[in-house]
Amino acid sequence: MKVFHISAECYPVAKTGGLGDVVGALPKYQNLLGIEASVIMPWYDKPYVRDHEFEQVYESEFKQGSQFYSFTVLKENSNALGFEIYLIKVPGLLDRTEVYGYPDESNQFIAFQHALLKWIVDQNIAPDLFHCHDHHSGLVPFFIENTEEFKSLKGIPTLATIHNAQYQGWMGWQQAILMPTFDSDKWGLLDWDRNINPLATLIKCCWAYNAVSSGYLKELFKEANGLESLFLSEKGKGYGIINGIDEEIWNPETDPFISKKYSVNTATAGKKSNKKALCKEYGLDPELPLLAFIGRFALEKGADLLPGFVQELAQKFKGKINLIILGSGDIHIQEALTHLREKGNTAVIIGYNEKLSHQIYASSDFLIMPSRVEPCGLNQLYAMRYGTVPIVRSIGGLKDTVIDLSKKNPNGIVFEEVSLRSMVQAIKRGLKLYEDSKLFNKLQKDNMKLDYSWKSSTRKYIQLYENLINRL
C-alpha cells in the first residue's frame, strides 16, 4: 500500500508544534509495518534542508492566476527519517525561512497543492491513498475530484487528519482565480460563510476524517471555530485516533540532549541530576520542586494566564517552587512574561528550542497545561515519558490521557476551569503530592512505564486506510 502524507510540517525538517511531530513519526512507524508511506511538504530554508543532501527528481511549471511559476521537487537521499520525503520548491512562494506568517500564505498553499498534484499526475506515481493533514492540504481532495487537470487521480481515497480546527486557512473568493480550473458547479464545496475555507472543503470532500483524540472528536461537534454543524453533519465519516510519541526521539535512556540519561530504575537520581544542571544554568533552586510550561503563547493554550500565574506563585508560594517557561507567540504575553523574569525562582525563555525542551522534561517535577483547546496534546505524553507529572485542564486529548489523583490508576492532576484559581489549587495539590516522596516517586516511575508509543495508533490508521481502499 502506497500512501502520501501531505503536510506543511514534518520534524525535523520544519516544525512549529504537534503537527510536525506527528508527521515526522507516523510514516516511519507505518513503513515498519509494511506500508510505503512518504511525506510531501513545502521547501523551507531550514538547517535540516541545508545540512542534508537532496536530489531534484522533477521540474515543471504551472499557472496561478495570470502568472506562471516554475517549481522543482526535491527528494532527500539518505532515507534518514525512515521514510521518503519530498520538498516542493516554488521560487517566489515556497522558498522562505518560516513555515507560517506571510501575508500571501493562501497563495503559498494553493501553489503547494497545485504543484504536488501536477508532479504526481505527470510522473504517473499516484498513491493508493492521500493522507491530508490540516487545512494546508485541504484543497487536495477537491482538486482531484473536480478539475480536468487532475482527473486521472479521481477516485483515489483521501483521509483528513484534523490536528487543530481553530486554524482553517480562510481566504476571500478572489483567490479562486489562483486555483487550477475546476467545475464551477461545485463552488459550494469551497464555500463556508461566504469565504473559501480549505478546512471546511477538506471535511466535505475527504472520504473520512479523524481527530487526534476521541475526546477532541466529540468536542468538534460543539466547538470548532464555526464548523460545528459541518463536523456534526459529516459525523458518519469521523474517527478519533490518539497521537503517539516517537520513543526513539523521546527516550530518557538515550536522549543526547539531556545531561544525565536515566531509566525507570534510575529515574529519581537521573532527574535530580538533570534538575541540578538546569537550575544552575537559569538561577533556580535545585532543592525546590520544578514546575514547567512549554508551548505557544496563545489563547487556546491558556498562556494569557501565565503572567498572572507567575505573580500568584511569587505571592502565595514564595520559596516553595521553581517555575520555568519556554515558549513564544503572542507579543503581549511575551512582553509581560519578560518583565516578570526578575520574580524569585522564575525563568522565562522566549523562543523555540528543541534541545532545551528535552532538558526541561528531564529536569521538571511537574508540567502545567491550562489549555482551552487541546486536540491531543503531546507535551503531557513527553512529560510522563520523562517522569514529569502533568497538571492539566480537562479538555480534548488531555482528558483522554491524564487521570486525576482522585481516581483509579492516576497519572497526574486534572482541573476543570481555565482560571488562575483552578491553576493555583492544582499547584497546591501538586506540592502536597511532592511532599510524599515515596508516592511521588512511584507515580513518576509508573508514568514512565506507560505505553504512548505509535504502535497502537499506527495500526488503527492502517486499518482505516484498508477500509477506505476496500470500498473501491
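Structure first, text after, so check above.
Here the residue numbering is sequential within each chain, running from 1 through the sequence in written order. In keeping with the predicted nature of the model, local features appear solely for residues at pLDDT of at least 70, side-chain atom pairs appear and are counted solely at 80 or more, and the whole-chain, interface and lining totals rest on all residues. Based on all heavy atoms of the structure, the side-chain values leave hydrogens and waters out of the count.

A. Structural view of the pattern of salt bridges. Within this document, salt bridges are pairs made up of a side-chain nitrogen of Lys or Arg and a carboxyl oxygen of Asp or Glu, the two lying within 4 Å of each other. This structure, assessed with the given rule, holds 20 salt bridges. With its nearest N and O atoms 2.8 Å apart, the salt bridge here joins Arg 50 to Asp 45. Across the salt bridge formed by Lys 442 and Asp 446, the nearest N and O atoms sit 2.7 Å from each other. Of this pair, Lys 442 and Asp 446 both sit in helix H15 (residues 437–449), four residues apart, which is roughly one turn of that helix. The buried label applies to any residue whose accessible area, calculated with a 1.4 Å probe on protein chains only, is under 20% of its type's maximum; exposed applies above 50%, and partly exposed to all values in between. When its relative accessible area of 27% is taken as the criterion, Asp 446 is described as partly exposed. When salt bridges with common partners are traced through the structure, they connect Lys 15, Asp 21 and Glu 354 into a single cluster. A run of H or I in DSSP becomes a helix once it reaches four residues, and a run of E becomes a strand once it reaches two; helices and strands are each numbered from the N terminus.

B. Seen up close, the environment of Gln 108. Residue position: Gln 108 is located in helix H3 (residues 105–122). Linking Gln 108 and Lys 204, residues 96 residues apart in sequence, is a C-alpha distance of 22 Å. Note on contacts: a residue pair qualifies if any of its non-hydrogen atoms lie within 4.5 Å across the two residues. Apart from the residues lying within four places of it in its own chain, the contact partners of Gln 108 are Leu 93, Leu 94, Arg 96 and Tyr 102.

C. Local environment of the sheet that holds strand E12 (residues 290–297). With parallel pairing, the six strands of this open sheet are ordered in space as E14-E13-E12-E15-E16-E17. At either margin of the open sheet sits one strand with a lone partner, and together these are strand E14 (346–350) and strand E17 (413–415). Across the sheet, the mean angle separating the axes of adjacent strands is 15° when strand polarity is ignored. Relative to strand E16 (residues 389–393), strand E15 (residues 366–369) is paired through four bridges, and the arrangement is parallel. What sits directly across from Met 369, in E16, is Val 392. Running over the sheet, helix H10 (residues 331–339) touches E12, strand E13 (322–329) and E14 and is turned about 150° from E13. Axis geometry follows a simple rule: fit a line to the C-alpha atoms, using only the stretch in contact for helices, then measure angles between N-to-C directions, giving values from 0 to 180 degrees. Sitting on the sheet, helix H11 (residues 354–363) touches E12, E13, E14 and E15, and the angle it makes with E12 is about 150°. A pair of strands counts as paired when DSSP detects no fewer than two bridges linking them.

D. Representation of H3 within the structure. Expected helix span is taken as 1.5 Å per residue step, with the number of steps being one fewer than the number of residues. With 18 residues, H3 ought to run about 26 Å at 1.5 Å a step, and its terminal C-alpha atoms sit 26 Å apart, in line with that. By the criterion of burial, H3 is predominantly enclosed, with 14 of the 18 residues buried. Looking one or two residues beyond H3, the residue adopting positive phi is Asn 124, at roughly 55°.

E. Quick peek at the packing of aromatic side chains. Aromatic rings from Phe, Tyr and Trp, taking only the six-membered ring of Trp, are treated as a pair when their centres fall within 6.5 Å; an angle between ring planes under 30 degrees marks them as stacked, one over 60 as edge-to-face, and anything in between as tilted. For the structure shown, the criterion picks out 20 aromatic pairs. With a centroid separation of 6.1 Å and an interplanar angle of 80°, the aromatic rings of Trp 250 and Tyr 386 are classed as edge-to-face. With a gap of 136 residues between them, Trp 250 in the loop between strand E11 (238–240) and helix H8 (267–282) and Tyr 386 in the loop between helix H12 (379–385) and E16 connect regions that are remote in the sequence. Here Trp 250 matches Tyr 386 in class, with each residue buried.

F. Expanded view of the sheet that holds strand E4 (residues 67–76). Taken in spatial order, the nine strands make up an open sheet running E3-E4-E5-E2-E1-E6-E7-E10-E11, and their pairing is mixed. In the strand order of this sheet, the two ends are held by strand E3 (54–64) and E11, each with one partner. Within this sheet the neighbouring strands show an average axis-to-axis angle of 25°, counted without direction. The pairing of strand E2 (residues 36–42) with strand E5 (residues 84–89) spans five bridges and is classified as parallel. Across the sheet, the residue bridging to Met 41 is Leu 87, located in E5. Sheet strands touched by H3: strand E1 (2–6), E2, E3, E4, E5 and strand E6 (129–133). Its angle to E3, the strand with the most contacts, is close to 115°.

G. Geometry of the packing of helix H1 (residues 18–32) against helix H16 (residues 455–469). Packing of H1 against H16 leaves a shortest axis separation of 10 Å and a crossing angle of 75°. Comparing the axis directions of H1 and H16 gives the class roughly perpendicular. Contacts from Leu 26, Tyr 29 and Gln 30 in H1 reach Thr 458, Tyr 461 and Tyr 465 in H16. We call Asp, Glu, Lys and Arg charged. Ala, Val, Leu, Ile, Met, Phe, Trp, Tyr, Cys and Pro are nonpolar, and the rest, Gly among them, are polar. A class-by-class count of the residues in the contact of H1 with H16 yields four nonpolar, two polar and no charged. Convention used here: angles under 35 degrees read as roughly parallel, angles over 145 as roughly antiparallel, angles from 65 to 115 as roughly perpendicular, and any remaining angle as oblique.

H. Representation of the pairing of E14 in the model. Counting buried residues in E14 gives four out of five residues, a clear majority hidden from the surface. In terms of strand pairing, E13 meets E14 through five bridges, oriented parallel. By the bridge assignment, Leu 326 is partnered in E14 with Ile 349. Here a crossover is taken to be right-handed if, once the strands point away from the viewer, the path from the first strand over the helix to the second is traced clockwise. Handedness of the E13-H10-E14 crossover: right-handed.

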